[in-house]
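Summary of structural features
What follows is each chain in one-letter form.
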Amino acid sequence: MDTVVACSTPFGSSALSVVRVSGPKTKSFVDSLQKKTKKIKHNTPFLSSFLDKDGVVFDEGIINVFFGPNSYTGEDLAEISCHGNPIIVDQLISLACDFGCRTADPGEFTKRAYLNGKLDIAQAESVASLISSRSLEGAKITYKNLGGKLSANISSSKKTLVSLVGEIEFNLDISEEDLQPNLFTKSSKKILLLKNKMDEALEGFKKTNILNVGANVVIAGPTNAGKSTLFNLFLEEERAIISKTPGTTRDVLQDTINLEGMPVILKDTAGIRKTKDKIEKAGIHKTQKELFSADLVLFLGQRPKKTDITANYIYIFNKSDIKSPASDKYDIKISALKGKNIKALKRLIIKKLSQKSSVTSFVLTSKRQVENIKLSKKHMEKALSGLSKETSLELVVEDLNSSIFYLDKITKKTTREDILNSIFSSFCVGK
Ligand code: GDP
């Protein structure tokens, strides 16, 4: 492997920046940077001057070198803290490149950690999610996965499947009369429990996503109801165009706000009404799509008589400064223009979103994990249906193996060896 270098802190001026170097040339580069004035020891930070090729000092800072494999990447790794000036950072990086390093690709340090067996892929994904998390709650949950919580969950589910495969394969080799009693019902029960766990994980993903990425909150309702006024009030700035002319908002506007620690992606949509205007029609179509995928809809209008999707709707009566609602088909009365009752509305939003973000123990942090869980679950369902019909056990085994295959993709590969070990470890001594 070659040696890579990159600045690990954001670009721009700041008190400090950290440049990271990882790979076989790390120690010799650090030696050249400080002209061997200090002997490098593992994880022993030291203050040093930084010297350019001509031996001229251009900055000083703390250097910490970790000797592989006891480092984040599993290779020799240096963290060089310098003053947070982009020119100094550039100088350090170009010196490293002149020394034979190359600039790292995005995520390359973590990729190296994965390739060197320091993290499994699910943990590596947690690193990405932890960095981009938009709430403290989300970061806390993700951090647990970084410590291996998800991997442990996957591994215990896999263990159950592997031992089931072992058990069924054992029964495949013996005559039908000798089949273990209740094999079908016992196996079905175990698979069903696992399948429920997968459902819980998938449901949990939506919740963590709300905490990490932000809840999708859509403001909708008829034209002229005050949607853009409410949107702007939340943003506390004039973003959307407010007008008395119906149909002004034609595209979906969005911005992220923070409601008491909860990240919210707030969207202002086109008012829904019958129109011949092509552009407005396209806007209304977009609104309908947004409503479908919203975590919560702030609907400026009354609750329809018959509806089964009220759970994620808040029905709002707006313009309470000039009129009163004629019906009780609203959850709350506000005035977006006067800012009346907005605190209560925010509380209601948080209450609704909190119900959606109470997190389960099996937390997924990436779409890739979700897709693999879905596929694994699909094969569990197929195995369950095979068992209920008492069809060929070979097919059930095949589905269970596919289910394991997709769980494996989340963390790492199960070998045939695991299955063999599981069969023999469940045998009693002497058999
Ligand atoms: P939208 O089409 O639903 O986005 O509605 P707008 O936000 O553009 O508002 C339409 C009109 O209603 C504007 O003239 C706003 O000033 C007015 N409006 C919005 N909210 C209120 C309110 O709470 N009280 C009063 N009196 N007028 C409001």
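In this report, the structure presented in the accompanying data block is examined. Only a predicted model underlies this, so the values are computations on that prediction, with no experimental measurement involved.

Definitions and cut-offs
Residues numbered from 1 in each chain as written. Predicted model: local features only at pLDDT ≥ 70, side-chain atom pairs only at ≥ 80, totals over all residues. Heavy atoms only, no water. Pairing = 2+ DSSP bridges. Helix = DSSP H or I, 4+ residues; strand = E, 2+ residues; numbered from the N terminus. Contact = heavy atoms within 4.5 Å. Axes fitted to C-alpha atoms, helices over the stretch in contact; angles between N-to-C directions. Near = heavy atom within 4 Å. Polar contact = N/O pair within 3.5 Å; in protein donor to acceptor, adjacent residues only side chain to side chain. Areas by Shrake-Rupley, 256 points an atom, 1.4 Å probe, with all protein chains shown as cover. Nonpolar A, V, L, I, M, F, W, Y, C, P; charged D, E, K, R; others polar. Core = buried A, V, L, I, M, F, W, Y, C linked by side-chain atoms within 4.5 Å. Buried < 20%, exposed > 50% of the residue type's maximum accessible area, 1.4 Å probe, protein only.

The six strands are arranged 8-9-7-10-11-12 in an open sheet whose pairing can be described as mixed. Every other strand in the sheet has two partners, leaving strand 8 (253-259) and strand 12 (332-333) as the edge strands with one partner each. Relative to strand 12, strand 11 (residues 313-317) runs parallel, the two sharing two bridges. By the bridge assignment, isoleucine 316 is partnered in strand 12 with isoleucine 332. Here helix 8 (residues 227-235) sits on the sheet and contacts strand 7 (215-220), strand 8, strand 9 (262-268), strand 10 (296-299) and strand 11; the angle it forms with strand 9, its principal contact strand, is near 150°.

Around the ligand, the structure places 18 residues, and the nearest of them are Asn224, Lys227, Thr229, Asp321 and Ser335. Between alanine 225 and the ligand, the recorded distance is 3.1 Å, taken from a backbone N or O atom to an oxygen atom. With the chains in place, 88% of the 580 Å² that the ligand exposes on its own is no longer accessible. When the residues that make up the shell around the ligand are grouped by side-chain class, the tally is six nonpolar, eight polar and four charged.

The next thing to look at is the nonpolar core. In terms of nonpolar packing, the biggest core is built from 31 residues, with Ile191, Phe362, Leu364, Ile373 and Leu400 touching the most fellow members. Going through the elements one at a time, helix 6 (149-172), helix 7 (183-212), helix 11 (367-388) and helix 12 (393-410) are the ones with two or more residues in this core. In terms of residues, this core owes the most to one element, helix 7, which gives eight residues. In this structure isoleucine 191 touches Leu164, Met380, Ala383, Leu384, Leu387 and Leu400, once residues within four positions along its chain are discounted. In this structure, Leu296, Ile314, Ile334 and Ala336 belong to the second largest nonpolar core, which totals 28 residues.

Distances and angles like these do not, on their own, reveal function.
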